Amino acid sequence: MQVDKRLVTSVESILGYTVNEISRTRFTDHGTDILVSGFKIKADSVEQVEQAIKAVLASMTPLSVEAIESQLALLATLVVKPSGETPEDHSLRMRSLAMQLSDYPADIVQRAIKRVSESAKFWPSYAEFYEHIGWRVRKRQLLLDALHKKRVDITA
């Protein structure tokens, strides 16, 4: 969550106001979940909001497929590969996984690969990566949506 805090801090410095997360805590058998439903944004000008939108959009930039493949190659040395997998199978698996992950922001994907490398013993599925990606991307999208709404509110 460190990277997202830095993004919110960056947006706050652009706007000159605190950005408030709208969330609730849900307690489950497995611990707690924080469910973010949006953000409260305060701003004085459209220019500030536009600058904040640019900052959030910049944070959504993905890694190239090749860069992700390079990180997955390192991961492959740290986990047990599927038995009977040929080099061609391995290349295809890495390429398809890299293509899927290239839809998401670079820092979030890098963090997901790191988290999976710390927890997986065997070659991970896409779902194991997405577990670390989905909620972070959703949170950024909610921040972007709140900024777009604020822009409309200021100009209306």
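Here the structure is a predicted model, which means the values were calculated and not measured. (Residues numbered from 1 in each chain as written. Predicted model: local features only at pLDDT ≥ 70, side-chain atom pairs only at ≥ 80, totals over all residues. Heavy atoms only, no water.)

Chemist: How should the packing of aromatic side chains be read in this particular structure?
Modeler: Any pair of aromatic rings gets described here by the distance separating the centres and the angle formed by the planes. What the rule picks out here adds up to two aromatic pairs. Summarising the aromatic geometry, the rings of Y104 and Y130 are spaced 5.9 Å apart at their centres and angled 55 degrees between planes, so their arrangement reads as tilted. Of the two residues, Y104 is situated in the loop between helix 4 (87-101) and helix 5 (106-119) and Y130 in helix 6 (residues 126-155); the sequence distance between them amounts to 26 residues. In this structure Y104 comes out as buried when scored by relative accessible area, which is 15%. Three or more aromatic residues joined by ring pairs form one cluster here, namely Y104, Y126 and Y130. (Phe/Tyr/Trp six-rings, centres within 6.5 Å; stacked < 30°, edge-to-face > 60°. Helix = DSSP H or I, 4+ residues; strand = E, 2+ residues; numbered from the N terminus. Buried < 20%, exposed > 50% of the residue type's maximum accessible area, 1.4 Å probe, protein only.)

Chemist: When you look at the environment of K54 in this model, what are you seeing that I'm missing?
Modeler: The residue K54 is located in helix 2 (residues 46-59) in this model. In this structure K54 comes out as exposed when scored by relative accessible area, which is 60%. Placed 88 residues apart in sequence, K54 and L142 show a C-alpha to C-alpha distance of 15 Å.

Chemist: Just checking my understanding: could you explain the pattern of salt bridges for this structure?
Modeler: Pairing is possible between side chains that carry opposite charge, provided their charged atoms lie close to one another. All chains considered together, the criterion is met by nine salt bridges. Salt-bridge contacts for R115 lead to E118; the nearest nitrogen and oxygen are separated by 3.9 Å. Pair noted here: R115 and E118 are both in helix 5, with a separation of three residues, about one helical turn. On the basis of relative accessible area, R115 is assigned to the partly exposed category, the value being 31%. Residue D153 pairs with K149 through a salt bridge whose shortest N-O separation is 3.2 Å. Residue D153 and its partner K149 are located together in helix 6, separated by four residues, close to a single helical turn. Judged by relative accessible area, which is 41%, D153 ranks as partly exposed. Relative accessible area serves as the criterion here: at 54%, K149 is assigned to the exposed category. Overlapping salt bridges bring together E66, E69 and R95 as one network. (Salt bridge = Lys/Arg side-chain N within 4 Å of Asp/Glu carboxyl O.)

Chemist: Would you take a moment to explain empty space enclosed by the protein for this structure?
Modeler: In this approach the atoms are scanned with a rolling probe the size of a water molecule, which exposes any empty space left behind. With the rule as written, the count across this model stands at one cavity of 30 Å³ or more. Taken as a whole, the largest cavity holds about 40 Å³ of empty space. Every residue along the wall of the largest cavity is listed here: D4, L7, V8, F39, K139, R140 and L143. When contributions to the lining of the largest cavity are tallied by element, the ones reaching two or more residues are helix 1 (2-15) and helix 6. (1 Å grid on protein atoms, 1.4 Å probe; cavity = no way out; pocket = protein on both sides within 12 Å on 5 of 7 lines; lining within 4 Å. Points joined across faces, edges and corners; volume = space filled by probe spheres on them.)

Chemist: Would you mind going over the pairing of strand 1 (residues 20-28) with me for this structure?
Modeler: Two faces make up the sheet, and in a regular strand the side chains alternate between them. Summarising the sheet, strand 1 and strand 2 (residues 31-40) pair through nine bridges and their orientation is antiparallel. Its bridge partner being in strand 2, N20 is matched across the sheet by K40. Joining the antiparallel neighbours strand 1 and strand 2 is a turn of two residues. (Pairing = 2+ DSSP bridges.)

Chemist: In this structure, what is going on with the side chain of R136? I would like to understand it.
Modeler: By secondary structure assignment, the location of R136 is in helix 6. You can call R136 buried: its relative accessible area is 6%. Polar side-chain contacts of R136 include one of 2.8 Å to the backbone oxygen of H132. (Polar contact = N/O pair within 3.5 Å; in protein donor to acceptor, adjacent residues only side chain to side chain.)

Chemist: Help me out: how do you make sense of the environment of P82 in this one?
Modeler: By secondary structure assignment, the location of P82 is in the loop between helix 3 (65-76) and helix 4. Its relative accessible area of 24% is what places P82 among the partly exposed residues. Placed 41 residues apart in sequence, P82 and W123 show a C-alpha to C-alpha distance of 6.6 Å. Apart from the residues lying within four places of it in its own chain, the contact partners of P82 are R93 and W123. (Contact = heavy atoms within 4.5 Å.)

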